[in-house]
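What the coordinates show
In case you want the letters, here they are:
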Amino acid sequence: QVQLVESGGGLVQAGGSLRLSCAASGRTFSSLTMGWFRQAPEKEREFVAAIRGSGTITYYADSVKGRFTISRDNAKNTVFLQMNSLRPEDTAVYYCAGGQPITMSQGRSYPYWGQGTQVTVSS
């Protein structure tokens, strides 16, 4: 129903920055909570950050708090993840998700998912 496409991943050195983007289809984007999740090799998917439809409420995993910032531009149907002070342990495939979750960090509450974009942080 809703199509999500991530971009902006790449290879960076520890301490560097990347800005991920997620472009959404449809005309109901502003009603969706949008989240970022990541999955490292041989690890389970984990919550990174989420933002409610209006953009006024955000939530972050403790591991990225103070380093990552989630934002959205509803006029452009796009959500962003600004990642600063990157660490090797941030290496993962990053996925954009959309839905109407009660609990923002719960991945199974999001019905819409992008294909993922690879982020690799070298030491």
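Above: the structure in question.
Residues numbered from 1 in each chain as written. Predicted model: local features only at pLDDT ≥ 70, side-chain atom pairs only at ≥ 80, totals over all residues. Heavy atoms only, no water.

The subject of this paragraph is the overall build of the protein. Looking only at helices and strands, the protein features 0 helices and 11 strands. Along the protein, from the amino end to the carboxyl end, the secondary structure elements read β-β-β-β-β-β-β-β-β-β-β. In terms of overall dimensions, the protein is globule-like: its C-alpha atoms have a radius of gyration of 13 Å, near the 14 Å expected for 123 residues. For the protein, the spread of C-alpha atoms along the principal axes amounts to about 40 × 25 × 25 Å. Burial status across the protein gives 44% buried among its 123 residues. (Helix = DSSP H or I, 4+ residues; strand = E, 2+ residues; numbered from the N terminus. Rg over C-alpha atoms; globule rule 2.2 N^0.38 Å. Buried < 20%, exposed > 50% of the residue type's maximum accessible area, 1.4 Å probe, protein only.)

According to the stated counting rule, one finds 5 aromatic pairs in the structure shown. With 6.4 Å between their ring centres and 70° between their planes, Y110 and W113 make a pair best called edge-to-face. For Y110, a relative accessible area of 3% gives the class buried. The exposure class assigned to W113 is partly exposed, which follows from its relative accessible area of 27%. One aromatic cluster is present, formed by F37, F47, Y59, Y110 and W113 through successive ring pairs. (Phe/Tyr/Trp six-rings, centres within 6.5 Å; stacked < 30°, edge-to-face > 60°.)

One pass over the structure, following the stated rule, counts 1 disulfide. Two residues share a disulfide in this structure: C22 and C96, whose sulfurs sit 2.0 Å from each other. Given an S-S torsion of about -80°, the disulfide between C22 and C96 has left-handed geometry. Taken together, the residues C22 in strand β3 (residues 18-24) and C96 in strand β9 (residues 92-99) connect sequence positions 74 residues apart. (Disulfide = S-S within 2.5 Å.)

The next subject is the environment of G55. For G55, the position within the fold is in the loop between β5 (46-51) and β6 (58-60). Classification of G55 as partly exposed rests on a relative accessible area of 30%. When the C-alpha positions of G55 and V79 are compared, they lie 9.8 Å apart, and in sequence the two are 24 residues distant.

Now for unusual backbone geometry. The residue N77 is not glycine, and still its phi comes out positive at about 50°. You can see N77 is positioned in the loop between β7 (68-73) and β8 (78-83). Not every positive phi belongs to a glycine, and S85 is a case in point at roughly 50°. Accessibility expressed as a relative area gives 41% for S85, which makes it partly exposed.

Another aspect to go through is the environment of A75. Considering the arrangement of structural elements, one finds A75 in the loop between β7 and β8. Taking the C-alpha atoms as reference points, A75 and R87, separated by 12 residues in sequence, lie 32 Å from one another.

Moving on, we come to the sheet that holds β7. Taken together, 4 strands build an open sheet; the order of strands is β1-β3-β8-β7 and the sheet is antiparallel. If you trace the sheet from one side to the other, it starts and ends with β1 (4-7) and β7, each paired once. Ignoring strand direction, the axes of neighbouring strands in this sheet form an average angle of 15°. Relative to β8, β7 runs antiparallel, the two sharing 6 bridges. Counted as the bridge partner of F68 is M83 from β8. (Pairing = 2+ DSSP bridges. Axes fitted to C-alpha atoms, helices over the stretch in contact; angles between N-to-C directions.)

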